[in-house]
Protein chains: 2
Amino acid sequence: MQPKTIIALDAMGGDHAPLIVLAGAEMASLRHPEVGFLLFGDEARLIPLLADYPRLQKSAIIRHASDVITGDMKPSVALRQGRNSSMRLAIQAVETGEAACVVSAGNTGAFMALAKFVLKTLPGIDRPAISGLIPTTKGEMVLLDIGANVECDAENLVQFSLMGAVFAKTVLGIENPSLALLNIGSEEMKGHDELRAAAALMQERPMPGHYVGFVEANDILTGKADVVVTDGFTGNSVLKAIEGTSKLMGHFLKQTFASSLFAKIGYLFAKGAFARLRHQIDPRKYNGAMLLGLQGVAVKSHGGTDADGFSNAISVAMNLIKYNFNDRIRVELARHYGVSDGQVIDQPAAASAAASGDAA
Amino acid sequence: MQPKTIIALDAMGGDHAPLIVLAGAEMASLRHPEVGFLLFGDEARLIPLLADYPRLQKSAIIRHASDVITGDMKPSVALRQGRNSSMRLAIQAVETGEAACVVSAGNTGAFMALAKFVLKTLPGIDRPAISGLIPTTKGEMVLLDIGANVECDAENLVQFSLMGAVFAKTVLGIENPSLALLNIGSEEMKGHDELRAAAALMQERPMPGHYVGFVEANDILTGKADVVVTDGFTGNSVLKAIEGTSKLMGHFLKQTFASSLFAKIGYLFAKGAFARLRHQIDPRKYNGAMLLGLQGVAVKSHGGTDADGFSNAISVAMNLIKYNFNDRIRVELARHYGVSDGQVIDQPAAASAAASGDAA
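Residues numbered from 1 in each chain as written. Chains lettered and ligands numbered in written order. Predicted model: local features only at pLDDT ≥ 70, side-chain atom pairs only at ≥ 80, totals over all residues. Heavy atoms only, no water.

**Digging into helix α6 (residues 108-119) of chain B**
Residues and elements named next belong to chain B.
Piece 1. Along its twelve residues, α6 runs 16 Å from first to last C-alpha, staying within 8% of the 16 Å computed at 1.5 Å per residue.
Piece 2. Taken as a whole, α6 has its buried residues at Gly109, Ala110, Phe111, Met112, Ala113, Leu114, Ala115, Val118 and Leu119.
Piece 3. Where α6 starts, the residue carrying a side-chain oxygen 3.1 Å from the main-chain nitrogen of Gly109 turns out to be Asn107.
Piece 4. Once α6 finishes, Lys120 follows within two positions and takes phi at roughly 70°, a positive value. (Helix = DSSP H or I, 4+ residues; strand = E, 2+ residues; numbered from the N terminus. Expected span 1.5 Å × (residues − 1). Buried < 20%, exposed > 50% of the residue type's maximum accessible area, 1.4 Å probe, protein only. Polar contact = N/O pair within 3.5 Å; in protein donor to acceptor, adjacent residues only side chain to side chain.)

**Some words on the layout of surface pockets**
Piece 1. For the second largest pocket, the calculated volume is near 710 Å³.
Piece 2. Of all the secondary-structure elements, those providing two or more residues to the lining of the second largest pocket are α8 (193-204) and α10 (232-257) of chain A together with α8 (193-204) and α10 (232-257) of chain B.
Piece 3. Each residue belonging to the lining of the second largest pocket can be placed in one class, and the counts come to ten nonpolar, seven polar and eight charged. (1 Å grid on protein atoms, 1.4 Å probe; cavity = no way out; pocket = protein on both sides within 12 Å on 5 of 7 lines; lining within 4 Å. Points joined across faces, edges and corners; volume = space filled by probe spheres on them. Nonpolar A, V, L, I, M, F, W, Y, C, P; charged D, E, K, R; others polar.)

**Structural notes on the relation of the copies chain A and chain B**
Piece 1. Taken as rigid bodies, chain A and chain B are interconverted by a rotation of 180° and an axial shift of 0.0 Å, the fit giving an RMSD of 0.0 Å. The operation mapping one copy onto its partner corresponds to a two-fold rotation axis. Nearest to the rotation axis, the C-alpha of Gly266 of chain A is located 1.8 Å from it, this being the minimum over chain A.
Piece 2. Counting the interface residues of chain A, we find that 100% of their copies in chain B are interface residues as well, pointing to one common contact surface. (Least-squares fit on C-alpha atoms with pLDDT ≥ 70 in both. Contact = heavy atoms within 4.5 Å.)

**Remarks on the sheet that holds strand β5 (residues 129-135) of chain A**
Residues and elements named next belong to chain A.
Piece 1. If you walk across this open sheet you meet the eleven strands as β3-β2-β1-β4-β11-β10-β5-β6-β9-β7-β8, and the pairing is mixed. Both edges of this open sheet fall to β3 (60-64) and β8 (210-215), since each of them pairs with a single strand only. On average, each strand axis in the sheet is inclined to that of its neighbour by 25°, with strand direction left out of account.
Piece 2. Of the strands in this sheet, β1 (5-10) and β2 (35-41) are in contact with helix α1 (residues 19-31), which crosses β2 at around 175°.
Piece 3. In the packing of helix α6 (residues 108-119) onto the sheet, contacts are made with β4 (101-104), β5, β10 (289-292) and β11 (297-300), and the angle to β11 comes to roughly 175°. (Pairing = 2+ DSSP bridges. Axes fitted to C-alpha atoms, helices over the stretch in contact; angles between N-to-C directions.)

**Remarks on the interface of chain A and chain B**
Piece 1. The interface is formed by 59 residues belonging to chain A together with 59 residues belonging to chain B.
Piece 2. Between chain A and chain B, a total of about 5,000 Å² is buried, with carbon and sulfur atoms accounting for 72% of that surface.
Piece 3. Here Glu216 of chain B and Lys240 of chain A are joined by a salt bridge, their closest N and O atoms 2.1 Å apart.
Piece 4. Listing elements by their share of the side of chain A that touches chain B, those giving two or more residues are α4 (75-81), α9 (217-222), α10 and α11 (261-280) of chain A.
Piece 5. The greatest single-element share of the side of chain A that touches chain B, amounting to 20 residues, is contributed by α10 of chain A.
Piece 6. Residues that form the side of chain A that touches chain B fall into these classes: 28 nonpolar, 23 polar and eight charged. (Buried area = accessible area lost by both parts, 1.4 Å probe. Salt bridge = Lys/Arg side-chain N within 4 Å of Asp/Glu carboxyl O.)

**Topic: helix α12 (residues 307-322) of chain B**
All names here are of chain B.
Piece 1. The end-to-end C-alpha separation of α12 is 22 Å, in line with the 22 Å expected for 16 residues at 1.5 Å each.
Piece 2. Put simply, Asp306 is the residue that caps the front of α12, since its side-chain oxygen is 3.2 Å from the backbone nitrogen of Asp308.
Piece 3. Backbone geometry just downstream of α12 places Asn324 in the positive-phi region, at approximately 50°.

**Comments concerning the packing of α10 of chain A against α10 of chain B**
Piece 1. At their nearest, the axes of α10 of chain A and α10 of chain B sit 8 Å apart, and the two run at 40° to each other. Viewed along their axes, α10 of chain A and α10 of chain B adopt a mutual orientation that is oblique. For the pair α10 of chain A and α10 of chain B, the crossing hand works out as right-handed. Of the residues in α10 of chain B, those touching α10 of chain A at Phe233, Thr234, Ser237, Val238, Ala241, Ile242, Thr245, Ser246, Met249, Leu253 and Phe257 of chain A are Phe233, Thr234, Ser237, Val238, Ala241, Ile242, Thr245, Ser246, Met249, Leu253 and Phe257 of chain B.
Piece 2. Residues belonging to the contact of α10 of chain A with α10 of chain B are distributed by class as follows: 14 nonpolar, eight polar and no charged. (Parallel < 35°, antiparallel > 145°, perpendicular 65-115°, else oblique. Left-handed = near helix turned anticlockwise from the far one by under 90°.)

**Re the sheet that holds strand β1 (residues 5-10) of chain B**
Residue and element names in this part refer to chain B.
Piece 1. With mixed pairing, eleven strands are arranged side by side in an open sheet as β3-β2-β1-β4-β11-β10-β5-β6-β9-β7-β8. Because the sheet does not close on itself, it has two edges, and the strands there are β3 (60-64) and β8 (210-215). Taking the axes of each pair of neighbouring strands and ignoring which way they run, one obtains an average angle of 25° across the sheet.

**Thoughts on unusual backbone geometry**
Glycine aside, residues mostly have negative phi, and peptide bonds are mostly found in the trans state.
Residues and elements named next belong to chain A.
Piece 1. For the peptide bond that leads from Ala17 to Pro18, omega is -5°, which places it in the cis range.
Piece 2. When you line up the elements, Pro18 lands in the loop between β1 and α1.
Piece 3. Of note in the backbone geometry, Lys120 takes a positive phi value of approximately 70° without being a glycine.
Piece 4. When you line up the elements, Lys120 lands in the loop between α6 and β5.
Piece 5. Relative accessible area serves as the criterion here: at 46%, Lys120 is assigned to the partly exposed category.
Piece 6. Even without a glycine there, the phi angle at Asn324 is positive, about 50°.
Piece 7. Residue placement: Asn324 occurs in the loop between α12 (307-322) and α13 (325-336).
Piece 8. Taking relative accessible area as the criterion, Asn324 reaches 18% and is therefore assigned buried.

Encoded structure:
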């Protein structure tokens, strides 16, 4: 019998939990029959619901969690009071080696804080980052940090670039990814010391990819670089500006097609093509932000997503496991910091051994 | 005879200068017959070109400038070496009171540095900011700072809010504008001390408008607030992400209409409606970023714009003059800092008196 990959799910996290978590996991079990689930949450609510998902019923085990991390809970409060929360217990399953990864659609700040506290960062990584995939005219690119670190120093930015590059190489299959730092064009403005220092480091030290320089936020969408790195405040704002603009354009598009009889007829003809476009840029396809730099695989689903989106977040986690993502980061870190292979990679924790175990 | 409003133009600034500057000024003279122009630039190039613009020929005077500030020149170099540049001489015309405002499509960093150096900031404003107009589902909103200050403290952010609010009140005609600070949702992340301090100040002190709290970058596009304030690094990145996403969506739209015969037929029917949409969200309509907080009116046109866009930047400058923008900022600053009217407004410079003189 094929050894199962076990995924820990925070069944209570997100706007429409636990329903979309169960429905998403059901869809994921169809896509990944080798996967088993640990569902962390309120037993009394989960047991009757599970009856509606025949596949999941066979592949999932419910683990009772008496508490829930709410959407507005501060990370510090989640750390103090969330010991019995579904989110924390799901993360702990990765730490103990029971699960290969954890997926949650709950409170992002709390998830990051708990994952960092429980799993710890990879040796050689000072701070974890959150990364996301963004569609471009050429395909897709990796943007990070999209919200974990409001302020970053040069070394942080370089480490983010390294992790983003490994992601582009492994999961996106880009052999020699182009790496860039987000800047605002003008070279001599204040506050860019960290950026310039990071640029210098990326040119000096071995990177898994090639550094192409500074890019501006509009270049993200043209795919000028496969990986664009920035601090979490700017990255989060840029990501939300992109989401907001897509929505605004969708709104204008709807208005336009409804604005005249001719336009309405035009829509009837073009309907099929627009259905394909909608599918192409479906935000659910890009659901699943990776928490990179932890000793274990943790993926954050959008809080407002549906079952489809949640199942995609599970696929993102599966990809990170399949490609031994964390092991490859260890190798690249060793090369980057010029220590012989294995030296930086001290004591791989049970967590990350488990996370990459099934594909090793 | 009606007293003319004199506008100083940097005829050599921008990707397509001096042609689009002359063509744009010609269009503007049609729209604003009361305007006269001072064209700063290379006399030998400008004189023969001017022959093609009959209106402008009557309303413009050429002022020779032997130098040009190039697009890649650092602000510090522009300050040291740009004494005889078209940009600096145009700004000086505002300082001496010869012109009511200056418009340039040249190097943004250099324009800001020169304008700040020559015109000085308004008393009570520590740093000038650049603001831009953005289309929303509800109309349009003001975003600032979009690039002048990479790092801002709480007091800077509050002053930006005040200036943005005066702009929304006067130029956009919104009686009681809603004011917001850009944040990334999570309340307890590092690096937000300045934002929280700014929020507190905006609730304590009199503001020309009402403070509605933190918004995220996607809220910019839904028009959740009339004025959204952030630092220049984030603001510039958000603005460019919005521009980039609009372009990407346009690209996808084109692809979609070309993707099948039905879609092509659909486009023929919907063509008129899409022409109206293109007009509605035409970036040229939103051309003209305001340099707020200076003792004089200075407007920056996009470097790559065409004559249409440049003429809109001139209109933006005309609006700032017409509504006595700088005088109103003085009044609101006095109210904000609790000094009796006129006290903060010490020694109004010749420049700003001239800038608002024609409407006073």
